[in-house]
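# Results of the structural survey
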Amino acid sequence: MATEPDNDFYDTLPVFTQFSGVTETSNYKSLPDDWALAIADIVDSTKAIEAGRYKAVNMAGASVISALMNALGKKNYPFVFGGDGALVALPSSATSLARETLAAVQSWVSDDIDLVLRAAIVPMSDIRAEGLDVRVARFEVSSDVSYAMFSGGGSSWAEAQMKAGRYAITPAPPGTRPDLSGLSCRWRPIQARNGEIVSIIAIPGNSGATNEFQMLVNDIIAVAAEQGRGAHPLPPDGPPITMTVKGVDAEARATAPPAKRLSRKIAILGQIGLTFALDRLGLTAGGFDPRRYKIELSQNSDFRKFDDGLKMTIDIDGERLRRIETLLENASESGIVRYGLHRQDSALITCFVPTPRERDHIHFIDGATGGYAMAASNLKAKLS
């Protein structure tokens, strides 16, 4: 167990660059004792997705990370995006501000997106009192961006406590707005090129994260790797620059109050038009190169992660998907894994871009018709 009260904990972690490293215990380090987990998710997200509100659900989930990073001065704290929610690990010195920020996000989600966001802050001391841990690793997806991987069972326990109503944060008064600068969802859904976009959640069986479970994860990663680039849903040169009305509206709601929303939409449309023209003409403006940005977007995307289990949204052909399903089903019958998956024809991108001229912009990938939330619903149905 770790005891060091280090606010720069994440910055000190060594990085690994091959995704198979998520099963290497030596890549993980326990969170300091005085840290906590800030967790949030959308209540009844499955119903919202079934009503066609998958963009709104993803935007609300990503807003948790955006708001906390902005409020905390864009500090490099470990986080993970879960489709309909998110988790951020924070030192005790940041929890008071994080509580205020999450309360504001709850209010904004209710006012502007018409969804209910529940949120909690769970101290590591309580997690460890349950005999669990939160260990963090740092997976480098590009020279400018790395994503946190979580193991130890603590984050899953904390999420269950939040859903049970413990550690709850009370929403701020109506009209309270967090700082969501940089949060956007401008891209159209990205169509599958190899077969289907499949969101997979595979968590340990009742025996926990055994060697057999780790071998299963490695086998699934290996099959996906045969597709090329780990079955990345985005092409290597990035997605085409196009406009989505829903995305423009979602970004305007996130970054402007009602009185300034129309002017914000006009500004966003102008930015998209300029970016499209620069891309077509091969030009740059003010240090912004749209072609380089699209390549970085693809490189910086979080289409696969480990959060007490494997989570992937991949573009994969039928034969390899059948092999992955066979691996999962055989392991499920042996009690090694519990899993759920959801198939769709496209992927969705939600972005946090503090400034497009810098290269550390981050992009959250999920399935375009429910992704992780629907895979989790499938998993829950199997368990019941």
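Going by the structure above, here's the rest.
What counts as what
Residues numbered from 1 in each chain as written. Predicted model: local features only at pLDDT ≥ 70, side-chain atom pairs only at ≥ 80, totals over all residues. Heavy atoms only, no water. Pairing = 2+ DSSP bridges. Helix = DSSP H or I, 4+ residues; strand = E, 2+ residues; numbered from the N terminus. Axes fitted to C-alpha atoms, helices over the stretch in contact; angles between N-to-C directions. Contact = heavy atoms within 4.5 Å. 1 Å grid on protein atoms, 1.4 Å probe; cavity = no way out; pocket = protein on both sides within 12 Å on 5 of 7 lines; lining within 4 Å. Points joined across faces, edges and corners; volume = space filled by probe spheres on them. Nonpolar A, V, L, I, M, F, W, Y, C, P; charged D, E, K, R; others polar. Salt bridge = Lys/Arg side-chain N within 4 Å of Asp/Glu carboxyl O. Buried < 20%, exposed > 50% of the residue type's maximum accessible area, 1.4 Å probe, protein only. Core = buried A, V, L, I, M, F, W, Y, C linked by side-chain atoms within 4.5 Å. Expected span 1.5 Å × (residues − 1). Bend = angle between axes of the 7 residues up to and from the residue. Phe/Tyr/Trp six-rings, centres within 6.5 Å; stacked < 30°, edge-to-face > 60°. Lys NZ or Arg CZ within 6 Å of the ring centre and 35° of its normal.

Within the open sheet, the four strands sit side by side as β12-β13-β11-β14. Their pairing is antiparallel. For this open sheet the edge positions go to β12 (304-306) and β14 (337-344), each flanked by a neighbour on one side alone. Taking the axes of each pair of neighbouring strands and ignoring which way they run, one obtains an average angle of 15° across the sheet. As paired elements, β12 and strand β13 (residues 310-316) share three bridges and run antiparallel to each other. Within the sheet, the bridge partner assigned to F306 lies in β13 and is L310. Contacting β11 (196-204), β12, β13 and β14, helix α6 (residues 211-225) runs over the sheet at an angle of about 20° to β13.

For the second largest pocket, the calculated volume is near 640 Å³. Together, 30 residues line the second largest pocket, and R186, Q271, T275, Y293 and P356 are the ones closest to its centre. Sorting the residues of the lining of the second largest pocket by element identifies β9 (183-184), α7 (245-255), α8 (261-281) and α9 (290-299) as the ones contributing at least two each. Here the lining of the second largest pocket is composed, by residue class, of 14 nonpolar, 10 polar and six charged.

Per the stated rule, a full pass over the model turns up 25 salt bridges. Across the pair R186 and E251 runs a salt bridge whose closest N-O atoms are separated by 2.7 Å. Of this pair, R186 sits in the loop between β9 and β10 (190-191) while E251 sits in helix α7; the two residues are 65 residues apart in sequence, bridging distant segments of the chain. With respect to class, R186 is no different from E251; both count as buried. Here D279 and K294 are joined by a salt bridge, their closest N and O atoms 3.2 Å apart. Here K294 lies in helix α9 and D279 lies in helix α8, a separation of 15 residues in the sequence. The residues D279 and K294 share a single accessibility class, namely buried. Counted as one network, the salt bridges with shared partners bring together E226, D317, E319, R320 and R323.

This paragraph deals with the sheet that holds strand β4 (residues 79-81). Read across the sheet, four strands follow the order β4-β5-β3-β6 without closing on themselves; strand pairing throughout is antiparallel. Each edge of the open sheet is held by one strand with a lone partner, namely β4 and β6 (117-123). Mean inter-strand twist for the sheet, computed between neighbouring axes without regard to direction, equals 10°. Two strands pair when backbone bridges link them, and strand β3 (residues 35-42) and β6 are joined in this way by seven bridges, in the antiparallel orientation. Opposite I39, over in β6, you have A120 as the bridge partner. Against the sheet, helix α3 (residues 95-113) touches β3, β5 (85-91) and β6, its axis set at about 170° to β6. Packing against the sheet, helix α5 (residues 154-163) makes contact with β3, β5 and β6, and its axis sits at approximately 55° to β3.

Along the polypeptide, H363 turns up in strand β16 (residues 362-367). The class for H363 is buried, based on a relative accessible area of 0%. Non-local contacts of H363, meaning those with residues more than four positions away in its chain, are made with Y147, Y293, L297, N300, S301, D302, I349, T350, C351 and V353.

Turning our eyes to something else, we now look at the nonpolar core. Among the nonpolar cores identified, the biggest contains 120 residues, and V22, L31, L37, V136, M149, I314 and L328 are the most heavily contacted of them. Take this core: its biggest share by element is 11 residues, from helix α2 (residues 54-71). Residues within four places of M149 in sequence aside, it is in contact with F16, F19, V22, Y28, R135, V136, A137, F139, R304, K305 and F306. Counting five residues, the second largest nonpolar core, distinct from the first, contains I201, I203, A375 and L379.

Attention now goes to α2. For α2, with 18 residues, the first-to-last C-alpha span of 26 Å sits near the 26 Å given by 1.5 Å per residue. Considering bend angle alone, the principal kink of α2 is centred on S63 and spans about 30°. Directly after α2, the chain includes G73, whose backbone phi takes a positive value near 75°.

One non-glycine residue, Y167, lies in the positive phi region at around 60°. Mapping Y167 onto the fold places it in the loop between α5 and β9. Positive phi, close to 65°, is recorded for A231, a residue that is not glycine. If you trace the backbone, A231 turns up in the loop between α6 and α7.

With that settled, the discussion passes to the packing of aromatic side chains. Aromatic rings considered in pairs are described by the distance between their centres and by the relative angle of their planes. As enumerated under the stated definition, the model contains eight aromatic pairs in all. Consider the rings of F79 and Y147, whose centres lie 6.1 Å apart with planes at 90°: the pair is edge-to-face. With F79 in strand β4 and Y147 in strand β8 (residues 146-151), the pair connects residues that are 68 residues apart, well separated along the chain. On the accessibility criterion, F79 (9% relative accessible area) is buried. One aromatic cluster in this structure is built from F79, F81, Y147 and F364. One Lys or Arg, R138, reaches over the ring of Y10 and ends 5.0 Å from the middle of that ring.

That's the geometry; what it means functionally is another story.
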